[in-house]
Amino acid sequence: LAIAVTSWLVGCFVQLLYRLRFASPLQTAALIYHLTIPAHWIRHGAFAPFTSWFHEAAPGYSPMLVERLAALLMLPFSNEVLARWVQLPFQLSIVALTFVILRRVSVRWTLALPAAAGTLVFRPFLRQSLSLHNDMALTSFFLLAVWGWVVFKQSGCRRGWTRITCGVFLMLGTKYVG
């Protein structure tokens, strides 16, 4: 039953990705700065400061890890077709980290697997699946820190602190304003 439920959830997610692969980005944040800033960097050929007339200036000076990845994906075609897929690795890492954390705290795999796959169809994540945003990256890095905390509390080993540190600094490298 766990494999059937997981397969159904993954199938729903893949079908949705297939349908939305060429949809226009409609989220305000994606249109205001998550796509605008990487385009600005590409146009200037450098990570130039971005000032906007419509919003506070803070996003233009933020670390913008996701936007830097999007800029790399925008380079081959000079548009956002590949950049819309920047969320997928973060979403898959959320699934994997959820499964690992649940297993680490002794949840049976027959419950952990569908629960982890359920994050694929979790409404806030579905909304951002093919849109450029940084919330899934933040969630992924937060779960990395949580995994580190669980490892540290259970075994007291150093690897736990390494994961916590990586998760926290990656979160700070993604967004520290707002």
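Note that this is a predicted model, so its numbers are computed, not measured.

Asker: Let's hear about the packing of helix H8 (residues 135-155) against helix H9 (residues 158-174): which residues, and what values?
Answerer: The angle between the axes and the distance between the axes are what describe a pair of packed helices. With their axes 7 Å apart at the nearest point, H8 and H9 run at an angle of 160° to one another. As the angle between them shows, H8 and H9 are arranged roughly antiparallel. For the pair H8 and H9, the crossing hand works out as left-handed. Residue-level contacts link Ala137, Leu138, Phe141, Phe142, Leu144, Ala145, Trp147, Gly148, Trp149, Val151 and Phe152 of H8 to Gly160, Trp161, Arg163, Ile164, Cys166, Gly167, Leu170, Met171 and Thr174 of H9.

Asker: Explain the side chain of asparagine 134 to me, using residue names and the numbers behind them.
Answerer: On the secondary structure map, asparagine 134 appears in the loop between helix H7 (123-128) and H8. Each residue touching asparagine 134, except ones within four places of it in the same chain, is listed here: His34, Val66, Gln87, Thr174 and Lys175.

Asker: Give me the lowdown on the confidence of the model for the protein, citing residues and values where you can.
Answerer: Per-residue confidence for the protein averages 82 on the pLDDT scale, and 84% of its residues sit at or above 70. Predicted confidence in the protein is weakest over helix H2 (residues 28-34), with a mean pLDDT of 69, and strongest over H8, with 93.

Asker: Describe in detail the nonpolar core, supporting the description with residues and values.
Answerer: In terms of nonpolar packing, the biggest core is built from 19 residues, with Val66, Phe90 and Leu132 touching the most fellow members. Looking at which element gives the most residues to this core, the answer is H8, with 6 residues. For phenylalanine 90, the residues in contact, after removing those within four places along its chain, are Val66, Leu69, Met136, Ala137, Ser140 and Phe141. In terms of nonpolar packing, the next biggest core, distinct from the first, is built from 6 residues, Tyr33, Trp41, Met64 and Ala71 among them.

Asker: Could you give an account of helix H5 (residues 87-104), naming the residues involved and the relevant values?
Answerer: Its 18 residues place the ends of H5 25 Å apart at the C-alpha level, agreeing with the 26 Å of an ideal helix rising 1.5 Å per residue. Of all the residues in H5, the buried ones are Gln87, Phe90, Gln91, Ile94, Val95, Leu97, Thr98 and Ile101. Backbone geometry just after H5 places serine 106 at a positive phi near 70°.

Asker: Describe in detail helix H4 (residues 65-74), supporting the description with residues and values.
Answerer: Turning to H4, its buried residues number three or more, namely Val66, Glu67, Ala70, Ala71 and Met74. The arc that holds every buried residue of H4, seen down its axis, measures 145°, which confines them to one face.

Asker: Got a sec to walk through the packing of aromatic side chains? Specific residues and values, please.
Answerer: With the rule as written, the count across this model stands at 4 aromatic pairs. With centroids separated by 6.4 Å and ring planes inclined at 85°, the aromatic side chains of tryptophan 149 and tryptophan 161 adopt a geometry described as edge-to-face. You can see tryptophan 149 sitting in helix H8 and its partner tryptophan 161 sitting in helix H9, a full 12 residues away along the chain. Through pairs of rings, three or more aromatic residues link up here, namely Trp149, Phe152 and Trp161. One residue, arginine 68, lies across the ring of tryptophan 41, its end atom 5.0 Å from the ring centre. Over the ring of tryptophan 147 we find arginine 163, and its NZ or CZ is 4.0 Å from the ring centre.

Asker: Give a description of the side chain of serine 140 that names residues and reports values.
Answerer: By the secondary structure assignment, serine 140 is in helix H8. Of the residues examined, serine 140 reaches a relative accessible area of 5% and is grouped as buried. Among all residues touching serine 140, those that are not within four sequence positions of it are Phe90, Ser93, Ile94 and Leu97.

Asker: Mind laying out unusual backbone geometry, listing which residues take part and the relevant values?
Answerer: Apart from glycine, the bulk of residues carry a negative phi angle, and the bulk of peptide bonds sit in the trans form. Residue serine 106 is not a glycine yet carries a positive backbone phi of 70°. Structurally, the position occupied by serine 106 is in the loop between H5 and helix H6 (109-118). Here serine 106 falls in the exposed class, since its relative accessible area comes to 65%.

Asker: Just give me the short version of the packing of H5 against H8, but keep the residues and values in it.
Answerer: It is the contact of H5 with H8, at a shortest axis distance of 9 Å, that shows an interaxial angle of 20°. It follows that H5 is roughly parallel to H8 by the angle criterion. Along this stretch, H5 crosses H8, giving a crossing that reads as left-handed. Of the residues belonging to the contact of H5 with H8, the class tally is 14 nonpolar, 8 polar and 1 charged.

So, how was this worked out
Residues numbered from 1 in each chain as written. Predicted model: local features only at pLDDT ≥ 70, side-chain atom pairs only at ≥ 80, totals over all residues. Heavy atoms only, no water. Axes fitted to C-alpha atoms, helices over the stretch in contact; angles between N-to-C directions. Helix = DSSP H or I, 4+ residues; strand = E, 2+ residues; numbered from the N terminus. Parallel < 35°, antiparallel > 145°, perpendicular 65-115°, else oblique. Left-handed = near helix turned anticlockwise from the far one by under 90°. Contact = heavy atoms within 4.5 Å. pLDDT = per-residue confidence, 0-100. Core = buried A, V, L, I, M, F, W, Y, C linked by side-chain atoms within 4.5 Å. Buried < 20%, exposed > 50% of the residue type's maximum accessible area, 1.4 Å probe, protein only. Expected span 1.5 Å × (residues − 1). Arc of directions from axis to C-beta. Phe/Tyr/Trp six-rings, centres within 6.5 Å; stacked < 30°, edge-to-face > 60°. Lys NZ or Arg CZ within 6 Å of the ring centre and 35° of its normal. Nonpolar A, V, L, I, M, F, W, Y, C, P; charged D, E, K, R; others polar.

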